[in-house]
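Chain and residue survey
Residue strings, one per chain:
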Amino acid sequence: METLILALLATPLVFSLVMAFLPKNTSYNVFAGLNLVSVAAVLVLSIMTAGDVLMSGETASALGLWFHLDSLGAIFVLLIGFIGFLTGLFSLPYVKADIEEGSMPAERAKQYFALFSLFVFTMLLACLSNNMILTWAAVEATTLSTVFLVGIYKNKTALEASWKYAMVCTAGVAFGLFGTLLIYANAADVIPNAHEAAFLSCVLPYADPTLMRLAFAFVVIGFGTKAGLFPMHTWLPDAHSQAPSPVSALLSGVLLKCAMLVIMRFYGFTIQAVGAEYPQLLLLIVGTLSILVAALSMFRQDDLKRRFAYSSVENVGVIALCLGIGGPLGIAAALLHCVFHGFTKTLAFCVSGNIQHAFGTRSLAKIQGVVEVAPATAALAILALLGLAAFPPFGMFISEFLTFVAGVTAGPMWLVVVVALGLTVAISALTRIALKSVFGHAPQGMGKHEAPALMLIPEIILAVMILWFGIATPLPLVHGVETATGIVLEQSTEELHATPMYRAVFGTETAQSEVE
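About the criteria used
Every chain's residues receive numbers from 1 upward, in the order its sequence appears when written. Since the coordinates come from a predicted model, pLDDT governs what is reported: local features require at least 70, and pairs of side-chain atoms require 80 or more to be given and counted, while whole-chain, interface and lining totals use all residues. Heavy atoms from the whole structure form the basis of all side-chain values; hydrogens and water molecules are not counted. Numbered from the N terminus, helices here are DSSP runs of H or I no shorter than four residues, and strands are runs of E no shorter than two. Throughout this description, buried means an accessible area under 20% of the type-specific maximum (1.4 Å probe, protein chains only), exposed means over 50%, and partly exposed covers the range between. Two residues qualify as a contact provided that any one of their heavy atoms is within 4.5 Å of a heavy atom in the partner residue. Method for areas: the Shrake-Rupley scheme with a 1.4 Å probe, in which residue coverage is limited to the protein chains shown. In this tally, Lys and Arg are treated as positive and Asp and Glu as negative; His is ignored, and so are the chain termini. Every charge is mapped onto a representative atom, which is NZ of Lys, CZ of Arg, CG of Asp or CD of Glu. Aromatic rings from Phe, Tyr and Trp, with only the six-membered ring used for Trp, were paired whenever their centres fell within 6.5 Å, and each pair was classed as stacked if the ring planes differed by under 30 degrees, edge-to-face if by over 60, and tilted otherwise. A ring has a charge above it when a Lys NZ or an Arg CZ is no more than 6 Å from the ring centre and no more than 35 degrees off the ring normal. Only a pair of cysteine sulfur atoms within 2.5 Å qualifies as a disulfide here. Within the patch definition used here, like charges are joined within 9 Å and nonpolar side chains (Val, Leu, Ile, Met, Phe, Trp, Tyr) within 5 Å, considering only residues with over 30% relative accessible area and no salt bridge. Salt bridges are defined by distance alone: a side-chain nitrogen of Lys or Arg within 4 Å of a carboxyl oxygen of Asp or Glu. The score called pLDDT rates the predictor's confidence residue by residue, from a low of 0 to a high of 100. Angles shown run from 0 to 180 degrees and are taken between the N-to-C directions of axes, each axis being a line fitted to C-alpha atoms and, for helices, limited to the stretch in contact. An angle below 35 degrees is read as roughly parallel, one above 145 as roughly antiparallel, one from 65 to 115 as roughly perpendicular, and any other as oblique. Think of it as three bins: nonpolar holds Ala, Val, Leu, Ile, Met, Phe, Trp, Tyr, Cys and Pro, charged holds Asp, Glu, Lys and Arg, and polar takes everything else, Gly as well. Among the buried residues, those of types Ala, Val, Leu, Ile, Met, Phe, Trp, Tyr and Cys that are joined through side-chain atoms within 4.5 Å form a nonpolar core. Expected helix span is given by 1.5 Å per residue-to-residue step, counting one fewer step than there are residues. Residues adjacent in sequence count toward polar contacts only when both atoms are side-chain atoms; beyond that, a polar contact is any pair of N or O atoms within 3.5 Å, and within protein one must be able to donate a hydrogen and the other to accept it.

Details of the overall build of the protein chain
Assigned secondary structure in the protein chain consists of 21 helices and 2 strands. Within the span of the protein chain, comprising 516 residues, buried residues form 60% of the whole. Once local pairs closer than 6 in sequence are excluded, the contacts in the protein chain between residues at least 24 apart make up 79%. Total accessible area on the protein chain stands at roughly 18300 Å², and carbon and sulfur atoms take up 69% of it. Within the protein chain, one finds 22 positive and 29 negative side-chain charges whose respective centroids are separated by 16 Å.

Quick notes on the packing of aromatic side chains
Evaluation of the coordinates by the stated rule reveals 16 aromatic pairs. Between Phe178 and Phe218 the ring centres are 6.0 Å apart and the planes differ by 80 degrees, which places this aromatic pair in the edge-to-face class. Residue Phe178 is found in helix α6 (residues 156-190), and its partner Phe218 is found in helix α8 (residues 209-227); the two are separated by 40 residues along the sequence. For Phe218, a relative accessible area of 21% gives the class partly exposed. When the ring of Trp468 is compared with that of Phe469, the centres are 5.9 Å apart and the planes differ by 15 degrees; the resulting orientation is stacked. Since its relative accessible area comes to 5%, Phe469 is described here as buried. Of the aromatic side chains, those joined through ring pairs into one cluster are Tyr28, Tyr112, Phe113 and Phe116. In this structure, Arg213 packs its charged tip against the face of Tyr278, placed 5.2 Å from the ring centre.

Focus: the state of the cysteines
Throughout the structure, instances matching the rule amount to 0 disulfides. Distance from the sulfur of Cys127, which forms no disulfide, to the nearest cysteine sulfur (Cys258) is 3.7 Å. Of all cysteine sulfurs in the structure, the one in Cys338 sits closest to Cys322, which takes part in no disulfide; the separation is 8.7 Å.

A word on the side chain of Ser352
Within the element layout of this structure, Ser352 appears in helix α13 (residues 327-359). Residue classification places Ser352 among the buried residues on the basis of a relative accessible area of 1%. Discounting residues that sit within four places of it in the chain, Ser352 has contacts with Ser245, Leu304, Lys305 and Phe308.

Comments concerning a nonpolar patch on the surface
Together, Val408, Met413, Val417 and Leu421 make up an exposed nonpolar region whose accessible area comes to about 370 Å². Looking at which element gives the most residues to the nonpolar patch, the answer is helix α17 (residues 413-438), with 3 residues. Here Leu421 lies in helix α17.

Digging into the confidence of the model for the protein chain
With 97% of its residues at a pLDDT of 70 or more, the protein chain shows a mean pLDDT of 91. Across residues 509-516, where pLDDT falls below 50, the model places 8 contacts with residues more than four positions away in sequence or in other chains.

Re the side chain of Thr225
Note that Thr225 resides in helix α8. Setting aside residues up to four positions removed in sequence, Thr225 forms contacts with Val168, Cys169, Gly172, Val220, Met232 and Trp235.

Here's the deal with the packing of helix α5 (residues 132-150) against α6
Two elements in contact, α5 and α6, have axes whose closest approach is 9 Å; the angle formed by their N-to-C orientations is 180 degrees. In terms of their interaxial angle, α5 and α6 are classed as roughly antiparallel. For the contact of α5 with α6, a count of residues per class yields 17 nonpolar, 7 polar and 1 charged.

Examining the nonpolar core
Judged by nonpolar contacts, the single largest core of 187 residues is most densely connected at Phe113 and Phe266. Not counting residues within four places of it along the chain, the set of residues in contact with Phe113 comprises Met19, Tyr28, Phe31, Ala32, Asn35, Ser91, Leu92 and Val95.

Digging into the pattern of salt bridges
One pass over the full model with this rule turns up 4 salt bridges. A salt bridge links Asp70 to Arg265, with the shortest nitrogen-to-oxygen separation between them at 2.8 Å. Of this pair, Asp70 sits in the loop between β2 (67-69) and α3 (71-101) while Arg265 sits in helix α10 (residues 245-274), placing them 195 residues apart in sequence. Classification of Asp70 as buried rests on a relative accessible area of 4%. For Arg306, the salt bridge identified is with Asp238, shortest N-O distance 2.6 Å. One end of the pair, Arg306, is in helix α12 (residues 304-325); the other, Asp238, is in helix α9 (residues 235-242), and 68 residues separate them in sequence. Salt bridges sharing common partners tie together Lys164, Asp238 and Arg306.

Quick word on unusual backbone geometry
Here the amide bond leading from Phe230 into Pro231 is cis, since omega sits at 5 degrees, within 30 degrees of zero. For the peptide bond that leads from Pro392 to Pro393, omega is 10 degrees, which places it in the cis range. Structurally, Pro393 can be placed in the loop between α15 (375-388) and α16 (395-410). Although it is not a glycine, Lys154 adopts a positive phi angle of roughly 60 degrees. With respect to the helices and strands, the residue Lys154 is situated in the loop between α5 and α6.

Thoughts on the packing of α16 against α17
As a packed pair, α16 and α17 sit with axes 9 Å apart at the nearest point and diverge in direction by 155 degrees. One way to sum up the angle between α16 and α17 is to call them roughly antiparallel. Residue-level inspection shows Glu400, Phe404, Gly407 and Val408 of α16 in contact with α17, the latter providing Met413, Val416, Ala420 and Leu423. For the contact of α16 with α17, a count of residues per class yields 6 nonpolar, 1 polar and 1 charged.

Digging into α16
One full turn of an α-helix is made of 3.6 residues, so residues set three or four places apart face in the same direction. For α16, spanning 16 residues, the distance from its first C-alpha to its last is 23 Å, which sits close to the expected 22 Å at 1.5 Å a residue. Taken together, the buried positions of α16 are occupied by Gly395, Met396, Ser399, Glu400, Leu402, Thr403, Val405, Ala406 and Gly407. Among the residues trailing α16, Gly411 stands out with phi positive, at a value near 75 degrees.

Side note on the environment of Gly326
Mapped onto the secondary structure, Gly326 falls in the loop between α12 and α13. Separated by 58 residues in sequence, Gly326 and Ala384 place their C-alpha atoms 29 Å apart.

Some points on the environment of Ser117
Along the chain, Ser117 turns up in helix α4 (residues 109-128). Separated by 144 residues in sequence, Ser117 and Leu261 have C-alpha atoms that sit 21 Å apart. Not counting the four nearest positions on each side in its chain, Ser117 is found in contact with Pro12, Ser16, Met19, Asn35 and Ser38. Side chain to side chain, Ser117 and Ser38 meet in a polar contact 3.1 Å long.

Below, the structure is given as structure tokens:
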């Protein structure tokens, strides 16, 4: 397993370096092919490593204490593997269309694909690292690897968005470094072997309660900036709207979740050190404000991708809210929402790429009658919008339903009502896209402009997956979420099942998976 984990990390890095050293005038097909092999290999290796950990519930390590893979990390590694492959596949015709339309020079394909694989590597490093400092460096590296992807079109708005992204995230994640160093410095003073003070799996018994309170606040501010939580979210709408659609999909579908994974790790430590009340209150406030601000902001957006970007802020807020509610059901709902929203938002951003290529704009005022111009794209857009609105039978319905069950169980009820109103506003903003842009009549003189099959295939796979998650959530995922919940809360399965509502939701599935 150690060899497979190292191979998983090395593969996208090696392919990125190979593409970086190739001449700019190398054929587009060479760069596209290398990147596709890279993300396909990452998918296979993620299934072989994270899939095995998720099924068995055991942990795996590599290079001693440096890399650690448990069920919690395995969920996010698989998310990187699947979404990385599907967006990598979608990138092939998307970037080619950009080159043909003149929005991207042909020689810039090298930059796009080399950085795409590097981006995948940095996210894997953030999820697999057991060293606190390396984890911070990996999250910071995701900024450096994507800032040039955000500004790859090199127009004024794209360059402004990329610089804003770099400045806000670098400044924000610096707070995460402060929190990390506080924990490290405290552990280094009291841990028997000071060399182990930087490793997440070693510092918990030596955590100082007072320092942990301060450190966790810094962690939420720092890594919450990368996750797009309010009020550190200001970079996200600009970056996600200006980046190429497959990059927007990877940013929203996976990168935001990797930052939330880091917060979850420190959240678990803080609960053990100071109790649940403080970290839950902090995340409850941040999560609720993120939902409300993002939902209200969605209505003001004429840009399709900016509206989807604010939807990402709202849904990251839902994840933080689940952590704030706490308890086994709240943690499980947060993990499920990470997965379900990851796939759903990837579909939404990919479909927005189809629409942008068909209409030549992202302005919702100018996008009308998608159903007439590109019927297949329109059908996929409706599925994406229904999924984001958390209607049954889509996956996000399950995670948001569990969120409300956890909220009603834990209270207070007024907060549940406020969040429900915020989510209703967000649903209304998504509904307007369907009613005014997907349906209706196309602009006069505009003919058919359906996306090529290679763009539709990954989107169809994503649509099938979000329906599959909602209709029959895979048992390995349910079992993995349960094990991951135990890791966050430092509780056994028996202790988790002592919570009545949790046992009602997960008890049958767990028993069935154990029989099988």
